[in-house]
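Descriptive analysis of the structure
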Amino acid sequence: MSLSNTQYDAIMRVYNQRQFQNKYDQDRRVKEVYDRLPQIRQIDDAISAQAVACARRLLDGDQGAREVLKRHLEDLKEQKAVLLEACGFGAGYMDMRYHCPDCQDTGYIQGRKCRCFKKEEISLLYSQSNIQEVLERENFSSFTFAYYDNKEVIPQIGMTVAAYMEQVYGWCREYVEGFETKGGNLIFTGSTGVGKTFLTNCIAKELIDKYQSVIYLSANDLFDIFSKNKFHYDTEEEMRDMYQYILDCDLLIIDDLGTELNNTFVSSQLFYCINERLIRKKGTIISTNLSMDMLRDTYSDRISSRIISQYSIIPLYGGDIRTKKR
């Protein structure tokens, strides 16, 4: 799942195009203002002249030049702002505008990837893995209760599966709506085909649309990344970055936990991932065919303890929906 040089270059071309478009749009706005208000051009010329004069005075040893320049610039900028406001442009109309003010559309802040770059990177990875196509089909808009039984009452929950799923649907909606302020963690349990993955896809789609960074991985892919990061000393930088994204992204979805080949390494890495994301207050959703007792037996008490105490446990019931759809 690491980015190749071609993929990285593709993302950087997006930023280059944004920078070019930003400058083009700014030049257009500046020309518009100069055409309507020639005095604004005169003020800008005066600002440039003052800066050049200050530089010369500083070279000549005049240490007070900077303070004089500051006062003159403040006066000129105030005149400019008043004129722009009076003509309905707004004080910052001629300023450069950015898609991402944090990195000013460079993709980097002090040599480190900006949050917007990580979103571009994750989006590209989704595109490469076909997840975007899946989310177009599996989302809240396409969710239906038609495949859930509305007659037989399930003893464990005291209601029909259809009625219970209406509650679950509401909980998932509430999770999305409160995610930015509350975060939180979910674990969906239940047999194959009851809708665990579909619900996680619904949540993923909503949060991606809200510009939250979401990483969706099967348990096998997750532990494959962990293994490569730990044991492959020649691991590419992008793979190491992906390892960090797993820990740092707003929402991590681990699908089909329990289908991977379990061993001491897997258990230790699962605990580290879960615990580290709790410490960082990042949301995690797990789907698994395992019951909570089976989860404890498969991994460890400390993992099950973290999940029981820090996750909302949502068991799902019913038959295999995939079979019904066929």
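Note that the structure is a prediction, hence the values are computed from the model and not measured.

Comments concerning the side chain of Ser-287
Mapped onto the fold, Ser-287 is located in strand E8 (residues 283–288). On the basis of relative accessible area, Ser-287 is assigned to the buried category, the value being 1%. Here the side chain of Ser-287 touches Asp-255 through a polar contact of 2.4 Å, side chain to side chain. With residues near it in sequence (within four places) discarded, Ser-287 still touches Phe-188, Lys-196, Thr-197, Ile-254, Asp-255, Asp-256 and Leu-257.

Here's the deal with unusual backbone geometry
We note that Asp-105 has phi near 60 degrees; this positive angle belongs to a residue other than glycine. Among the secondary structure elements, Asp-105 is positioned in the loop between helix H3 (65–86) and strand E1 (108–109). Look at Asp-105 and you get buried, because its relative accessible area is 0%. Here the phi dihedral of Lys-281 falls at roughly 60 degrees; this positive angle occurs in a residue that is not glycine. Here Lys-281 shows up in the loop between helix H11 (264–279) and E8.

Digging into the nonpolar core
Judged by nonpolar contacts, the single largest core of 34 residues is most densely connected at Met-165, Val-168, Phe-188, Ile-203 and Leu-251. Of all the elements in the fold, those that place two or more residues in this core are helix H5 (131–137), helix H6 (161–177), strand E5 (185–189), helix H8 (196–209), strand E6 (214–218) and strand E7 (251–257). The leading source of residues in this core is H6, at nine residues. Not counting chain neighbours up to four residues away, the residues in contact with Phe-188 comprise Val-168, Cys-172, Lys-196, Leu-199, Thr-200, Ile-203, Ile-285, Ile-286, Ser-287, Thr-288, Ile-314 and Leu-316. Grouped together as the second largest cluster of nonpolar side chains are 33 residues, Leu-217, Met-242, Val-266 and Ile-303 included.

Regarding the pairing of E7
Counted residue by residue, E7 has six buried out of seven residues, so it is predominantly covered. In this sheet, E7 lies alongside E6 in parallel orientation, the contact comprising five bridges. Paired with Tyr-216 across the bridge in E7 is Ile-253. With five bridges joining them, E7 and E8 adopt parallel strand pairing. Counted as the bridge partner of Ile-253 is Ile-285 from E8. For the handedness criterion, the β-α-β arrangement of E7, H11 and E8 is classed as right-handed.

Quick look at H11
Helix length check: H11, at 16 residues, gives a terminal C-alpha distance of 22 Å against a target of 22 Å (1.5 Å per residue), a fit within 8%. With respect to burial, H11 is a largely interior element, 12 of its 16 residues being buried. Among all positions in H11, only Phe-265, Val-266, Ser-267, Gln-269, Leu-270, Phe-271, Cys-273, Ile-274, Asn-275, Glu-276, Arg-277 and Leu-278 are buried. Its side-chain oxygen at 3.1 Å from the backbone nitrogen of Phe-265, Asn-263 defines the N-terminal cap of H11.

Description of the layout of surface pockets
Quantified by volume, the largest pocket comes out at close to 490 Å³. Lining the largest pocket are 20 residues, with Lys-119, Glu-120, Ser-123, Ile-208 and Tyr-211 sitting closest to its centre. Elements represented by at least two residues in the lining of the largest pocket include exactly helix H4 (115–129), H5 and H8. In terms of residues, the lining of the largest pocket owes the most to one element, H4, which gives seven residues. Here the residues of the lining of the largest pocket are counted per class, giving eight nonpolar, five polar and seven charged. Here the second largest pocket is characterised by a volume of approximately 400 Å³. Taken together, 20 residues line the second largest pocket, and the ones lying closest to its centre are Gly-193, Gly-195, Thr-197, Phe-198 and Arg-322. Those elements that provide at least two residues to the lining of the second largest pocket are H8, E7 and helix H14 (321–325).

Conventions and cut-offs
- Residues numbered from 1 in each chain as written.
- Predicted model: local features only at pLDDT ≥ 70, side-chain atom pairs only at ≥ 80, totals over all residues.
- Heavy atoms only, no water.
- Helix = DSSP H or I, 4+ residues; strand = E, 2+ residues; numbered from the N terminus.
- Buried < 20%, exposed > 50% of the residue type's maximum accessible area, 1.4 Å probe, protein only.
- Polar contact = N/O pair within 3.5 Å; in protein donor to acceptor, adjacent residues only side chain to side chain.
- Contact = heavy atoms within 4.5 Å.
- Core = buried A, V, L, I, M, F, W, Y, C linked by side-chain atoms within 4.5 Å.
- Pairing = 2+ DSSP bridges.
- Right-handed = clockwise from strand over helix to strand, strands pointing away.
- Expected span 1.5 Å × (residues − 1).
- 1 Å grid on protein atoms, 1.4 Å probe; cavity = no way out; pocket = protein on both sides within 12 Å on 5 of 7 lines; lining within 4 Å.
- Points joined across faces, edges and corners; volume = space filled by probe spheres on them.
- Nonpolar A, V, L, I, M, F, W, Y, C, P; charged D, E, K, R; others polar.

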